[in-house]
Amino acid sequence: MSEDGINSRGRVLVVDDAAINLMLLERALLNEGYEPVLAKNGSEALAFLRSDFSHTVDVVLLDILMPILDGYQTLTAIKEDPALRHLPVIMITAVEETESAVRCIELGAMDYLPKPFNVAILRARLGASLAAKRLRDLELEYLEQVGKVTDAAAAVELGTFALNDLDQVAGREDALGSLARMFQRMAQEVKAREERLQQQVHELQIEIDETRQAAKVAEITETEYFQQLRGQAAELRRLMD
Amino acid sequence: MLDHAALDALREMVGGDSAFLAELIDTFLQDTPGLISDMQTAATLADADALRRAAHTLKSNSRTFGALRLGDLSKAIEERAAHSQISDIDELIDLVVEEYPAVVVALKVERPES
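Definitions and limits used
- Residues numbered from 1 in each chain as written.
- Chains lettered and ligands numbered in written order.
- Predicted model: local features only at pLDDT ≥ 70, side-chain atom pairs only at ≥ 80, totals over all residues.
- Heavy atoms only, no water.
- Helix = DSSP H or I, 4+ residues; strand = E, 2+ residues; numbered from the N terminus.
- Areas by Shrake-Rupley, 256 points an atom, 1.4 Å probe, with all protein chains shown as cover.
- Lys, Arg positive; Asp, Glu negative; His and termini not counted.
- Charge placed at Lys NZ, Arg CZ, Asp CG, Glu CD.
- Salt bridge = Lys/Arg side-chain N within 4 Å of Asp/Glu carboxyl O.
- Buried < 20%, exposed > 50% of the residue type's maximum accessible area, 1.4 Å probe, protein only.
- Arc of directions from axis to C-beta.
- Contact = heavy atoms within 4.5 Å.
- Pairing = 2+ DSSP bridges.
- Axes fitted to C-alpha atoms, helices over the stretch in contact; angles between N-to-C directions.
- 1 Å grid on protein atoms, 1.4 Å probe; cavity = no way out; pocket = protein on both sides within 12 Å on 5 of 7 lines; lining within 4 Å.
- Points joined across faces, edges and corners; volume = space filled by probe spheres on them.
- Nonpolar A, V, L, I, M, F, W, Y, C, P; charged D, E, K, R; others polar.
- Polar contact = N/O pair within 3.5 Å; in protein donor to acceptor, adjacent residues only side chain to side chain.
- Phe/Tyr/Trp six-rings, centres within 6.5 Å; stacked < 30°, edge-to-face > 60°.
- Lys NZ or Arg CZ within 6 Å of the ring centre and 35° of its normal.
- Patch = residues over 30% accessible without salt bridge, like charges linked within 9 Å, V, L, I, M, F, W, Y side chains within 5 Å.
- Parallel < 35°, antiparallel > 145°, perpendicular 65-115°, else oblique.
- Left-handed = near helix turned anticlockwise from the far one by under 90°.

Peer 1: I would appreciate a short explanation of the overall build of chain B in the present structure.
Peer 2: Secondary structure summary: chain B contains five helices and zero strands in total. The order of helices and strands in chain B, counted from the N terminus, is α-α-α-α-α. Viewed in the frame of its principal axes, chain B has a C-alpha envelope of about 45 × 20 × 20 Å. Counting only carbon and sulfur atoms, one obtains 49% of the accessible surface of chain B, whose full area is about 5,400 Å². Charged side chains of chain B number 10 positive and 21 negative; the gap between the two group centres comes to 3 Å.

So, in structure tokens, the structure goes:
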């Protein structure tokens, strides 16, 4: 089993206390291009799902009757955990355990896999669950990126927006990407306008300062004392000539 | 003795890997005496939960290899244990003990030689 899941169609956590079922499902999953991870009971499975590797599991195949923590308890724990509840769970059930399968689906399981196993059913159930998981992952990513756009709007209000904050969302080719690109353009225009206004304010400030300076000069040069001094200076220049 | 449709499904599950099929049969032959012993102990101790789990595993394993009668007997034990009706369960366990040797012989015939 590869650690990083390269070239794998998805990582499948198999939870079953029966060694033969684990061996069989491990082999069938490998043959189908999946990466299996094995757990002997619900407690082991939850420990794995709550570890750093939890995000790498795409589907859980879960037996019902197990020691320590059975399938119902494990399924309930998964569905009550906000970080795990979106994970598709397929229950492993004997053919006559239809009632158990129904109960599990009511508890949040996506589907069930009847024993003895059939590779075509395994393939179909996994394919459907994996497609649902991928769709959910895309939805979560979309919602996260919508959040980035709303955060950007708040940042514009606070004056803390940086154009590259939205680069990732702007790279999308859908409507959200267009919105992010338009937002970036508008924010850029607002920024440029603000800079122009600041420049104008700066120039006006200089003009005001110059006018003030001129007024001060005029204030001095228009006094009687200054006029006397000017007259005396002119007289001195004349005498020196 | 063995259901061939079940064996065909099993061969398909292992992708036609004969060595792995032999390994699976060996695991079944190694594990089953222990499961039967677990059922006998659980019956003696009147431990319905332990009896149910052992019978459940033997039922599942037996059906995987097409040993339908062994699977049905295990299922009957599992169901009785699930309802805590195990006062005369020894009779059913004895039938499992009687059935198992024929399953061993049939599986050894099906076991691919390495």
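Peer 1: Would you take a moment to explain the pattern of salt bridges for this structure?
Peer 2: Pairing between side chains becomes possible if they bear opposite charge and their charged atoms approach one another. Residues and elements named next belong to chain B. As enumerated under the stated definition, the model contains 22 salt bridges over all chains in all. Residue Arg11 pairs with Asp8 through a salt bridge whose shortest N-O separation is 3.2 Å. Taken together, the residues Arg11 and Asp8, both in helix α1 (residues 4–13) and three residues apart, mark about one turn of the helix. With relative accessibility at 45%, the residue Asp8 sits in the partly exposed group. One salt bridge in this structure joins Lys59 and Glu78, with 2.8 Å as the shortest N-O distance. You can see Lys59 sitting in helix α3 (residues 48–64) and its partner Glu78 sitting in helix α4 (residues 68–82), a full 19 residues away along the chain.

Peer 1: Please clarify how helix α4 (residues 98–107) of chain A should be interpreted in this entry.
Peer 2: Every α-helix winds through 3.6 residues per turn, so residues three or four apart in the chain are directed the same way. Residues and elements named next belong to chain A. Inspection of α4 places Ser100, Ala101 and Cys104 among the buried residues, and these make up the whole buried set. Projection of α4 onto a plane perpendicular to its axis shows the buried side chains occupying an angular sector of 100 degrees, all on one side. The exposed residues of α4 that point more than 90 degrees off its buried face are Glu99 and Glu106. On its buried side, α4 packs onto α3 (71–80), β4 (89–94) and β5 (111–115). In the stretch just after α4, Gly108 is the one whose phi turns positive, near 120 degrees.

Peer 1: Looking at this structure, I do not really get the sheet that holds strand β3 (residues 59–63) of chain A. What am I missing?
Peer 2: Pairing between the strands of a sheet comes from backbone hydrogen bonds, and it takes one of two forms, parallel or antiparallel. All names here are of chain A. Strand order across the open sheet formed by five strands is β2-β1-β3-β4-β5, with parallel pairing between neighbours. Of all the strands in the sheet, the pair left with one neighbour each is β2 (35–39) and β5. Across the sheet, the mean angle separating the axes of adjacent strands is 25 degrees when strand polarity is ignored. Relative to β3, strand β1 (residues 11–15) is paired through four bridges, and the arrangement is parallel. In the sheet register, Val14 faces β3, and the bridge partner there is Leu61.

Peer 1: Help me understand empty space enclosed by the protein in this model?
Peer 2: Vacant regions in the atomic arrangement are exposed by a probe of water-molecule size rolled over the atoms. Within this structure, the stated rule accounts for two cavities of 30 Å³ or more. There is about 60 Å³ of room inside the largest cavity. As for the largest cavity, its lining consists of A:Leu24, A:Pro116, A:Phe117, B:Ala6, B:Ala9, B:Leu10, B:Met13, B:Arg63 and B:Thr64. The set of elements that each furnish at least two residues to the lining of the largest cavity consists of α1 and α3 of chain B. The dominant element in the lining of the largest cavity, judged by the number of residues it contributes, is α1(B), at four residues. Of the residues in the lining of the largest cavity, the class split is seven nonpolar, one polar and one charged. One number sums up the size of the second largest cavity: a volume of about 30 Å³. If you trace the second largest cavity, you find it lined by A:Ala94, A:Lys115, A:Pro116, B:Lys59, B:Ser60 and B:Arg63. Here the lining of the second largest cavity gets three residues from one element, more than from any other, and that element is α3(B).

Peer 1: Can you walk me through the interface of chain A and chain B in this structure?
Peer 2: Think of interface size as the accessible area that goes away when the parts come together; that is how it is often given. Tallying the contact residues gives 25 residues for chain A and 25 residues for chain B. Here A:Arg27 and B:Asp17 are joined by a salt bridge, their closest N and O atoms 2.4 Å apart. For the pair chain A and chain B, the interface holds five residue pairs in polar contact (both at pLDDT 80 or more). At the level of elements, α1 (19–31) and α5 (119–158) of chain A are the ones that each hand at least two residues to the side of chain A that touches chain B. No other element matches α1(A), which puts nine residues into the side of chain A that touches chain B. Class assignment of the residues belonging to the side of chain A that touches chain B gives a composition of 16 nonpolar, three polar and six charged.

Peer 1: Is there a simple way to think about the packing of aromatic side chains in this case?
Peer 2: When we look at a pair of aromatic rings, we describe it by the centre distance and by the angle of the planes. One pass over the full model with this rule turns up three aromatic pairs over all chains. Here a set of aromatic residues connected by ring pairs shows up, and it is made of B:Phe28, B:Phe65 and B:Tyr100. A cation over a ring is seen here: A:Arg103 above A:Tyr72, with NZ or CZ 3.8 Å from the ring centre. Over the ring of A:Tyr112 we find A:Arg125, and its NZ or CZ is 5.4 Å from the ring centre.

Peer 1: How should a negative patch on the surface be read in this particular structure?
Peer 2: On the surface, A:Glu203, A:Glu207, A:Asp209 and A:Glu210 cluster together into a negatively charged patch. The exposure class assigned to A:Asp209 is partly exposed, which follows from its relative accessible area of 37%.

Peer 1: Mind showing me how you'd approach the packing of α4(B) against helix α5 (residues 90–110) of chain B here?
Peer 2: The axes of two packed helices give the description: the angle between them and the distance between them. All names here are of chain B. Their axes nearest at 9 Å, the elements α4 and α5 cross at an angle of 160 degrees. As judged from the angle between their axes, α4 and α5 are roughly antiparallel. With respect to the hand of their crossing, α4 and α5 are arranged in left-handed fashion. Across the interface between the two elements, Arg69, Leu70, Leu73, Ala76, Ile77 and Arg80 from α4 touch Leu92, Ile93, Leu95, Val96, Glu99, Tyr100 and Val103 from α5.

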